[in-house]
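Fold and geometry: a report
For reference, the chains in residue letters:
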Amino acid sequence: MKKSEKTALVEDLAGSFNRASIALVSEYRGMTAAESTEMRKRLRAVRGEMRIAKNTLVRHAIKGTKFEALDSNLGGQVGLILSYEDPVVLAKTFTSFGPLGDKLKLRGAVLDGKALTPAEVEALSKLPSREVIFGQLLGLLNAPATQLVRLLNEPGSYLARVIDAIGKKNGAGAPPPAAASSEPAPEAPAAPAAPPEA
């Protein structure tokens, strides 16, 4: 490989690292073409990719970046798995490649400048995705508002129910109104006459 080609590859890798949210280093050997194609297809579906490059070029590309801690995982034939979206989704996708066994063995990873062990990547894969976390957070934020609206509406609706119940109770126990008669009312008896004067 010519020097200009190496320089271009290092610059390309550095650009990928600058955009990545997480980077994994795995051993990469004995994988069939069909397995490799399927793996790359599944990584692309979650906005990730696998890059193969010489260790010396990768070391130049990660120098001065938040992925510099990957250096200790380099050596031999390795593959770089990068994600440009949710790190949790990439970790879930990678752990789903378990049936490949030693063909794709994780050495380590870096997330936000922090080196992760294979066990920590496994733990990361068990977390809910960003969308699920945002949904849960939105639910928590909406819950108090919903309860507040219900609380504010409750006194008015409670008062309306009490008034309705009182009205029904009074309406059932009250005597029926007197019926109006078309006959004239009887005349009052005449007052007794005064006795004659002596």
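Everything below is about the structure shown above.
As a starting point, this report considers the structure included with it. (Residues numbered from 1 in each chain as written. Predicted model: local features only at pLDDT ≥ 70, side-chain atom pairs only at ≥ 80, totals over all residues. Heavy atoms only, no water.)

1. What about the sheet that holds strand 5 (residues 114-116)?
For clarity, the cut-off: Any two strands with at least two DSSP bridges between them are considered paired. Secondary structure follows DSSP: runs of H or I at least 4 residues long count as helices, runs of E at least 2 residues long count as strands, and numbering of each begins at the N terminus. Throughout, an axis means a line fitted to C-alpha atoms (over the contacting stretch in the case of helices), and angles, computed between N-to-C directions, take values from 0 to 180 degrees. When checking whether two residues touch, look at their non-hydrogen atoms; a contact exists if any pair is within 4.5 Å.
Reading across from one edge, 2-3-1-4-5 is the order of the five strands in this open sheet, with antiparallel pairing throughout. In the strand order of this sheet, the two ends are held by strand 2 (48-52) and strand 5, each with one partner. Each strand of the sheet is rotated relative to its neighbour by a mean of 25°, with strand direction disregarded. Bridge count for strand 1 (residues 22-28) against strand 4 (residues 104-111) is seven bridges, and the pairing is antiparallel. Residue pairing across strands places Tyr 28 opposite Leu 104, the latter belonging to strand 4. Contacting strand 1, strand 3 (78-83) and strand 4, helix 4 (residues 87-95) runs over the sheet at an angle of about 15° to strand 1.

2. A look at helix 5 (residues 118-125)
Quick note on the threshold: Relative accessible area decides the class of each residue, using a 1.4 Å probe on protein chains only: under 20% of the type maximum gives buried, over 50% gives exposed, and in between gives partly exposed. By arc we mean the arc of the directions from the helix axis to the C-beta atoms, nothing more.
Among the residues of helix 5, those classed as buried are Val 121, Leu 124 and Ser 125. Taken around the axis of helix 5, the buried residues stretch over an arc of 100°, which confines them to a single face. Where helix 5 is buried, its residues meet strand 1, helix 4, strand 4 and strand 5.

3. Quick notes on unusual backbone geometry
At Arg 47, a residue that is not glycine, the phi angle is positive and equals roughly 60°. Note on placement: Arg 47 falls in the loop between helix 2 (33-45) and strand 2. Take Arg 47: its relative accessible area is 44%, and that puts it in the partly exposed class. In the Ramachandran plot, Asp 112 falls in the positive-phi region, its phi being about 50° despite a non-glycine side chain. Assignment of secondary structure puts Asp 112 in the loop between strand 4 and strand 5.

4. Looking at the environment of Val 46
Positionally, Val 46 belongs in the loop between helix 2 and strand 2. Note on Val 46: relative accessible area 18%, which makes it buried. As a C-alpha pair, Val 46 and Pro 87 span 41 residues in sequence and 9.6 Å in three-dimensional space. In this structure, Val 46 is in contact with Ser 83, Glu 85, Val 89, Leu 90 and Thr 93, ignoring residues within four places of it in sequence.

5. Section: the packing of aromatic side chains
Here is the rule we go by: Two rings belonging to Phe, Tyr or Trp (six-membered ring only in the last case) form a pair when the distance between their centres is within 6.5 Å. Interplanar angles under 30 degrees mark stacking, angles over 60 mark edge-to-face geometry, and anything in between is tilted. We count a charge as sitting over a ring when the NZ of a lysine or the CZ of an arginine lies within 6 Å of the ring centre and within 35 degrees of the ring normal.
Enumeration according to the criterion identifies two aromatic pairs in this entry. Note on Phe 17 and Phe 67: the rings are 5.5 Å apart at their centroids and 45° apart in plane angle, and the pair reads as tilted. Note that Phe 17 is positioned in helix 1 (residues 3-19) and Phe 67 in the loop between helix 3 (55-62) and strand 3, a separation of 50 residues in sequence. Comparing Phe 17 with Phe 67 shows no difference in burial state: the two are buried. With centroids separated by 6.2 Å and ring planes inclined at 80°, the aromatic side chains of Phe 94 and Phe 97 adopt a geometry described as edge-to-face. Take Phe 94 and Phe 97: they sit in the same class, and that class is buried. Above the face of the Tyr 84 ring, Arg 19 is positioned so that its terminal group lies 4.4 Å from the ring centre.

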